[in-house]
Amino acid sequence: MEKVVIVRYSELHLKGKNRGYFERVLIINMEKALKGLKHELKRQSGRYLIEGFDEFDADEIVSRLKKVFGVHSLSVALKVKSDMNAIYQAAADVCFESGSFKVETHRADKTFPLNSLQISAEIGGRLLSKRKNLSVDVHNPQFIVNIDVRENGTTLVFNEFFKGAGGMPVGTSGKGLLLISGGIDSPVAGHMIAKRGMQINCIHFHSYPYTNMQARDNVIDLAKVLSSYTCGTKLHIVSVTHIQEEIHKKCNGEYMVTLLRRFMMRIAERVANKCGAQCLITGESLGQVASQTVEGITSSNSVVKKLPVLRPLCGFDKDEIIERSRDIGAYDISIQPYEDCCTVFLPKHPVIKPSMASILEEESKLEVDRLIEEALSTLEVITL
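These numbers come from a predicted model, not from an experiment. (Residues numbered from 1 in each chain as written. Predicted model: local features only at pLDDT ≥ 70, side-chain atom pairs only at ≥ 80, totals over all residues. Heavy atoms only, no water.)

Outline the pattern of salt bridges, listing residues and values.
Counted according to the given criterion, the structure contains 26 salt bridges. Between Arg150 and Glu151 there is a salt bridge, and its shortest N-O distance comes to 3.5 Å. For the salt bridge of Glu380 with Arg216, the shortest nitrogen-to-oxygen distance reads 2.6 Å. Taken together, the positions of Glu380 in strand β15 (residues 380–383) and Arg216 in helix α6 (residues 213–230) put the pair 164 residues apart, joining distant regions of the chain. Here the salt bridges share partners, and the residues they tie into one network are Glu246, Lys249, Lys250, Glu367, Arg370 and Glu374. (Salt bridge = Lys/Arg side-chain N within 4 Å of Asp/Glu carboxyl O. Helix = DSSP H or I, 4+ residues; strand = E, 2+ residues; numbered from the N terminus.)

In structure tokens, the structure reads:
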């Protein structure tokens, strides 16, 4: 009897002729997630088995694989010979001491002498005869003993399904660059796009010394959370202090956020081109703050020359974003006090619906190309 972990994949079965490619990427990502743990990964007819690990690592293996996009569900199982006595012993090991239950059997090996209903009936009967505090409830049981008779002469027995991350394997849908702050929204946006198979790199803008180093550390911690789902990431850090000082000195203060966002998008596109990213990703939600009106978004988009800008949170309200932030483990970091570069020199009444004519008039007061080059000269890259 051997403890194994069953891994079932998500949408990959819909991929037809391309399925092999998606499965290969999923295997690579699972191996990355399990780095440092003794294990063997084997394919078995529409699922994978993790074998050969130390039994006390089972929970850690499940915890890591639950974050791998493309994984639909997992179970910790006992692998035994396809023999009724061995199957019963495994069922007895995973069965609770009391409560209502049923036995469900899947028989992939059609040469096995009993069919699925017969296996379930016999194993269930044996369990009932040995444990007087058990009862059968086929409609609403408190737990289920699952038996999977495989074609290779082995049977898997388990009692629980753990939900996986779902989605598509990271790396099957290109690469994007996420504009990440220390707040709640942007890590959720990155997680949502990564779930669709996109590899994510990050860029963060800071205004040190107007913002402190704690803000930087918060962003690094958030990027680490994101990297646990994306098999690693690179965080690009850029200073925009001098840009904000120039805007504050030369432009109407009401346009500070609007003008700064335009600079950030320009710089992000330059960095994206260098690192091979095919799009920009932001955590903007329509109408949430002054810069996230249609007019503000139009202003930001207009300076991005070639790349699409993805805004996965555009139709979400704050409660929905917070719920997702909690689910991915980012919320407690995001709510720590931090100083966002967008709050530096923040006017009392920022412009909400800027016209392009007025934006361009204010921006004409600045040496845009020079300021962008100065910002890029501060670029720092951290591999996570």
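More follows now that the structure is in view.
Lay out helix α12 (residues 356–363) with the relevant residues and their values.
When α12 is considered as a whole, its buried residues turn out to be Ser358, Ile359, Glu362 and Glu363. Angularly, the buried residues of α12 cover 135° about the axis, an arc narrow enough to put them on a single face. In this fold, the buried residues of α12 make contact with α8 (256–275), α9 (294–301) and α13 (368–376). (Buried < 20%, exposed > 50% of the residue type's maximum accessible area, 1.4 Å probe, protein only. Arc of directions from axis to C-beta. Contact = heavy atoms within 4.5 Å.)

Which residues make up a nonpolar patch on the surface, and what values go with them?
A contiguous nonpolar surface patch, about 230 Å² in accessible area, is contributed by Leu128, Val136 and Val138. Following the sequence through the fold, Val138 ends up in the loop between β6 (134–136) and β7 (143–149). Given the relative accessible area of 48%, Val138 is considered partly exposed. (Patch = residues over 30% accessible without salt bridge, like charges linked within 9 Å, V, L, I, M, F, W, Y side chains within 5 Å. Areas by Shrake-Rupley, 256 points an atom, 1.4 Å probe, with all protein chains shown as cover.)

Break down the nonpolar core for me, with residues and values.
One recurring pattern in soluble globular proteins is that nonpolar side chains are buried together. In this structure, Ile203, Ile243, Ile267 and Leu280 are the most contacted members of the largest nonpolar core, which totals 35 residues. Looking at this core, the elements that each hand over two or more residues are β10 (175–179), β11 (199–206), α7 (241–250), α8 and α13. Broken down by element, this core gets its largest block of residues, eleven residues, from α8. In this structure Leu280 touches Leu177, Leu179, Met265, Ala268, Glu269, Ala272, Val304, Leu307, Pro308, Val309 and Leu310, once residues within four positions along its chain are discounted. Listed in part, the 34 residues of the second largest apolar core include Val170, Val219, Phe316 and Ile328. (Core = buried A, V, L, I, M, F, W, Y, C linked by side-chain atoms within 4.5 Å.)

I'd love a proper account of the packing of helix α5 (residues 185–195) against helix α10 (residues 318–328), names of residues and values included.
At a minimum axis separation of 9 Å, α5 and α10 run at an interaxial angle of 70°. Relative to α10, the element α5 lies roughly perpendicular. Within the contact between the two elements, α5 uses Asp185, Pro187, Val188, His191 and Met192 and α10 uses Lys318, Ile321, Arg324, Ser325 and Ile328. Across the contact of α5 with α10, the residue classes break down as five nonpolar, two polar and three charged. (Axes fitted to C-alpha atoms, helices over the stretch in contact; angles between N-to-C directions. Parallel < 35°, antiparallel > 145°, perpendicular 65-115°, else oblique. Nonpolar A, V, L, I, M, F, W, Y, C, P; charged D, E, K, R; others polar.)

Go over the sheet that holds strand β13 (residues 280–281), please, and point to the residues and values.
Across the sheet, which stays open at both edges, the six strands sit in the order β14-β13-β10-β11-β12-β15 with mixed pairing between neighbours. At either margin of the open sheet sits one strand with a lone partner, and together these are β14 (309–310) and β15. Two elements, β10 and β11, share five bridges in a ladder whose sense is parallel. By the bridge assignment for β11, Leu177 is matched with Asn201. (Pairing = 2+ DSSP bridges.)

Could you give me a rundown of the pairing of strand β8 (residues 154–158), with the residues and numbers involved?
With five of its five residues buried, β8 lies for the most part within the structure. Both faces of β8 are covered, namely the face carrying Thr154, Leu156 and Phe158 and the face carrying Thr155 and Val157. The pairing of strand β4 (residues 71–81) with β8 spans four bridges and is classified as antiparallel. Within β8, the position partnered with Lys81 by the bridge is Thr154. As defined by bridge partners, β7 adjoins β8 across four bridges and the pair is classed as antiparallel.

Please give an account of the packing of aromatic side chains that cites residues and values.
Applying the stated rule across the entire model yields six aromatic pairs. Their ring planes at 70° and their centres at 5.3 Å tell us that Tyr21 and Phe22 sit as a pair that is edge-to-face. On the basis of relative accessible area, Tyr21 is assigned to the partly exposed category, the value being 37%. What makes Phe22 buried here is its relative accessible area of 11%. What links up through ring pairs into an aromatic cluster is the set Phe96, Phe101 and Phe143. (Phe/Tyr/Trp six-rings, centres within 6.5 Å; stacked < 30°, edge-to-face > 60°.)

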